Amino acid sequence: MCAELCSATSALVYRLGGAPARPDRRDALEGRLVELPREDSGPGLGLSTRDRDALAESVEVIIDSEPADDVHHLISLAERRAELTGRRPLICAVFRPETSRGATSDDSLAWVKLQDATAGGMPVVRIQTGLTVNGASDGRSATPNLLAALQRVAASTGTRPRDPGAAHVELADVAARAVVALALREDAAGQVFTLTRRQPVRLDDVFDAVERSGTALTPVPLDSWLRQLDGSALASQAARLLVGPGSEPPPTGEGGVRLSPSDAGVDEAPLDPGFFDRMAVGRTVEVIPAPRARDPRPEPETRAAVRFDGHNAPLALEHREIDPGGAAAASEAAGYGAFWVPEQRFDPLLALTVAAGTTKDIGLGTAVTVALARSPMTVACSANDLHRLSGGRLVLGLGSQLPVHLANRMAMPGNRPVDRMRDFIGALRSIWASWNDEEPLAYRGEFYSFTLSSEFFNPPPNPHGAPAIFLGAAGPRMAELAGEIADGLIAPPFASRRHLTDLLLPAVERGLAKAGRSRESFTVVAMPLIATGRTPQERDAVESRLRRLVAFYCSPKDYRRVLDLHGLAEFGDTMRELSLSGDPQRWRRMGEMIDDEVLETFAVRADPHDVGDAVLARFGGLADRVVLPAPHGAEAGLWHPETLRLDRNSAPDGRR
């Protein structure tokens, strides 16, 4: 709560830690706000005599949320103000039950000191709050949150307490603004206020949201539920809400007045089922250690078969003619389960619209659409149209793209891609839900806000619902986000087995654990580079194309962590320097530097009849679906499933 106070006071805030979460009024307070960190809470507040006197001369209001620790230093500052100017600042002491120390005699001692100061003519106001939880009114938080913690442990254990009751809690930003409003009242001096929202939070709503997000919870007795938390950092925190100070309204001091934030002129954010639904979907904080990720590397004899899909054409740096309709039809005829289109030189959603007209049953997926170069609304519209047109066959694969491309090729912000992607997906689902449930659109995120809906523009409910969302990821942070909020992961084309086992899949497991989901509910897609050929000439041509492509993937600095896995970081630096040289022959020269060992690191290299076994050796037990070039075009015979001997490695689901 201290952090929020810093954004709203009128003169001096004695701040004990944290950073301002929502500085709504900081522009209006520039030059009037002084923040002192906790480590400066000793004599003199960590200031020189001159600086302390300069501060004392100007201070008008002191708000202290840890008076037991440092009230005497603040009283001293206030007294110095009176000595220098003849005017006394107001001291606002905020007592909270969730301090790390808990209620001790120090609180009483601090209050005695404040009463002595009052007797000496110092204006003092005391405010008693209930439990406050970090977070903002939209249900999202970048700091540990007790309510989100309850959801987290429920999802992790698959249980919920039976009849948990209600809790007297308030969001930190709301409580902080209410404290400031009370401190600035003309009649504040001498008052004792108890600040608590009008209606306590129904804790069943907290756990119901977890179940609505897709995690079944078994009710258990409250004491049993708390016992299973023993030994965790969450145990004492959860107890505060369920059986501690959060379960009872804060006490009102003698002669005190109980007020709600609304009474103080501050809007109370509704802590209702919708709030907790947003919290359940957007949990971002690890409040207790996640369960250990299972080792995703199976023993050879237990490797599972994979399902095979097709994609538009072999990836290459060179220009190639595209025929998404013909490639999709060929993939369906070959028995592939889905047809995927990457975003390289054409829009995958447009290509799949063509593919939808040439196929009947095959799934359609983007691998991937560059989300952060677009608005969530435009993607929502196009994807919804294609999902309806295709009879519910679309899987929307989204990717962030490299920051340098977002900034310089697409003129879009390239910073904080993981946070932006979280917000993008939240906005997409909110837009689709608004259309399908025919409810007003009300999404407010950190980067995207959508609050205007109109019958003139809104499509009717989609009979097939919303498309599944898969997330492309090359690094662990995006992979963890995929596990947390997406339906699947699309690995990059250069992903090796080690890339999956050491970086991506452990991160997916962490995300799944956060969301309380199982690996069985999640799909991992690999779209590998395949180096093969039926004749020496054909193999040389395919490998030459792939060597240039591997050189291209080795050049971005963003992939250095992947190269580190294989001891190729310095090689990547060389590739990056050459890629920036401006040499018109640089990609040919760089491709010639990719030797067989590097090629085999990032591509499956095998004779055509061994490709199926080689794919299984690399991705068996890790990926659920493997996407290969469609048997179409000039190399149709090379990429046909019979040529690659895929039948013996495909999953027994009626499709390859």
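Everything quoted here is computed from the prediction, not taken from an experiment. (Residues numbered from 1 in each chain as written. Predicted model: local features only at pLDDT ≥ 70, side-chain atom pairs only at ≥ 80, totals over all residues. Heavy atoms only, no water.)

The next subject is the overall build of the protein chain. Scanning the protein chain from N- to C-terminus turns up 25 helices and 26 strands. Looking at the protein chain residue by residue over its 656 residues, the buried ones come to 54%. Considering only contacts in the protein chain between residues 6 or more positions apart, those separated by 24 or more positions represent 76%. Counting only carbon and sulfur atoms, one obtains 50% of the accessible surface of the protein chain, whose full area is about 27900 Å². (Helix = DSSP H or I, 4+ residues; strand = E, 2+ residues; numbered from the N terminus. Buried < 20%, exposed > 50% of the residue type's maximum accessible area, 1.4 Å probe, protein only. Contact = heavy atoms within 4.5 Å. Areas by Shrake-Rupley, 256 points an atom, 1.4 Å probe, with all protein chains shown as cover.)

So, about the packing of aromatic side chains. For the coordinates displayed, the defined rule picks out nine aromatic pairs. Members of the aromatic cluster, joined through ring pairs, are Phe494, Phe552, Tyr553, Tyr559 and Trp587. Positioned above the aromatic ring of Phe95 is the side chain of Arg126, whose terminal nitrogen or guanidinium carbon lies 4.4 Å from the ring centre. (Phe/Tyr/Trp six-rings, centres within 6.5 Å; stacked < 30°, edge-to-face > 60°. Lys NZ or Arg CZ within 6 Å of the ring centre and 35° of its normal.)

Ala367 connects to Val368 through a cis peptide bond whose omega is 10°. Residue placement: Val368 occurs in the loop between β16 (363-366) and β17 (369-370). A positive phi is found at Asp163, a non-glycine position, where the angle reads about 50°. Within the fold, Asp163 resides in the loop between β7 (159-161) and β8 (166-167). Look at Ala411: it is not a glycine, yet its phi comes out positive at around 55°. Note that Ala411 resides in the loop between α15 (403-408) and α16 (417-437).

Tallying each qualifying case throughout the model produces 36 salt bridges. Here Arg80 ties to Asp53 by a salt bridge, and the two come within 2.9 Å at their closest N and O atoms. Of this pair, Arg80 sits in helix α4 (residues 67-85) while Asp53 sits in helix α3 (residues 49-58); the two residues are 27 residues apart in sequence, bridging distant segments of the chain. Connected via shared salt-bridge partners are Arg539, Glu543, Arg547, Asp596, Glu600, Arg605 and Asp607. (Salt bridge = Lys/Arg side-chain N within 4 Å of Asp/Glu carboxyl O.)

Turning our eyes to something else, we now look at the nonpolar core. By size, the foremost hydrophobic cluster in this structure holds 114 residues, and its most contacted members are Phe339 and Leu398. By residue number, the principal contributor to this core is α16, which donates nine residues. Those residues in contact with Leu398, other than ones at most four positions away along the chain, are Val368, Thr369, Ala371, Val379, Met421, Phe424, Ile425, Leu428, Ile469, Phe470, Leu471 and Gly472. (Core = buried A, V, L, I, M, F, W, Y, C linked by side-chain atoms within 4.5 Å.)

Taking burial as the measure, the six residues of strand β18 (residues 394-399) include six buried ones, the bulk of the element. Neither face of β18 is left uncovered, since the one carrying Leu394, Leu396 and Leu398 and the one carrying Val395, Gly397 and Gly399 both have all their residues buried. Bridging between β16 and β18 involves two bridges; their strand directions are parallel. The residue of β18 that forms the bridge with Gly365 is Val395. Note: β17 against β18, two bridges, orientation parallel. Bridged to Thr369 within β18 is Leu398. Relative to strand β21 (residues 468-472), β18 runs parallel, the two being bridged by four bridges. Counterpart to Gly397 in the pairing with β21 is Phe470. (Pairing = 2+ DSSP bridges.)

Turning next to a negative patch on the surface. A cluster of acidic residues, Asp437, Glu438, Glu439 and Glu455, forms a negative patch at the surface. You can see Asp437 is positioned in helix α16. Assessed through its relative accessible area of 49%, Asp437 is described here as partly exposed. (Patch = residues over 30% accessible without salt bridge, like charges linked within 9 Å, V, L, I, M, F, W, Y side chains within 5 Å. Lys, Arg positive; Asp, Glu negative; His and termini not counted. Charge placed at Lys NZ, Arg CZ, Asp CG, Glu CD.)

Take the packing of helix α14 (residues 376-389) against α16 next. Running from amino to carboxyl end, α14 crosses α16 at an angle of 55°, the nearest separation of the two axes being 9 Å. One element, α14, and the other, α16, form an angle in the oblique class. Pair α14 / α16 crosses with right-handed handedness. Where α14 abuts α16, its residues Pro376, Met377, Val379, Ala380, Cys381, Ala383 and Asn384 lie against Phe424, Ala427, Leu428, Ile431, Trp432 and Trp435. Looking at side-chain class alone, the contact of α14 with α16 contains 12 nonpolar, one polar and no charged residues. (Axes fitted to C-alpha atoms, helices over the stretch in contact; angles between N-to-C directions. Parallel < 35°, antiparallel > 145°, perpendicular 65-115°, else oblique. Left-handed = near helix turned anticlockwise from the far one by under 90°. Nonpolar A, V, L, I, M, F, W, Y, C, P; charged D, E, K, R; others polar.)

Our focus in this paragraph is helix α12 (residues 324-333). Most of α12 sits out of view: seven of its 10 residues are buried. Where α12 is concerned, the buried positions are Pro324, Gly325, Ala327, Ala328, Ala330, Ser331 and Glu332. Among the structural elements, β14 (307-311), β15 (338-341) and α13 (348-358) are those in contact with the buried residues of α12. Following α12 by one or two positions, Gly335 adopts a phi angle in the positive range, close to 90°.

So, about the environment of Leu77. Tracing the sequence through the fold places Leu77 in helix α4. Owing to a relative accessible area of 0%, Leu77 belongs among the buried residues under this scheme. Between the alpha carbons of Leu77 and Pro89 there is a distance of 9.3 Å; along the sequence they are 12 residues apart.

As a further point, take the pairing of strand β3 (residues 61-64). Of the two faces of β3, the one holding Val61 and Ile63 and the one holding Ile62 and Asp64 are both buried throughout. In this structure, β3 lies alongside strand β4 (residues 90-95), joined through four bridges in parallel fashion. Each bridged residue has a counterpart across the sheet, and for Ile63 the counterpart in β4 is Cys92.

Right, let's get into the packing of helix α17 (residues 476-485) against helix α18 (residues 497-515). Where α17 meets α18, the closest approach of the two axes is 6 Å, and the angle between their N-to-C directions is 40°. Crossing of α17 against α18: the hand is right-handed. Judged by residue contacts, Pro476, Ala479, Glu480, Gly483 and Glu484 of α17 engage Leu503, Leu504, Ala507, Val508, Arg510, Gly511, Leu512, Lys514 and Ala515 from α18. In terms of residue class, the contact of α17 with α18 is made up of eight nonpolar, two polar and four charged.

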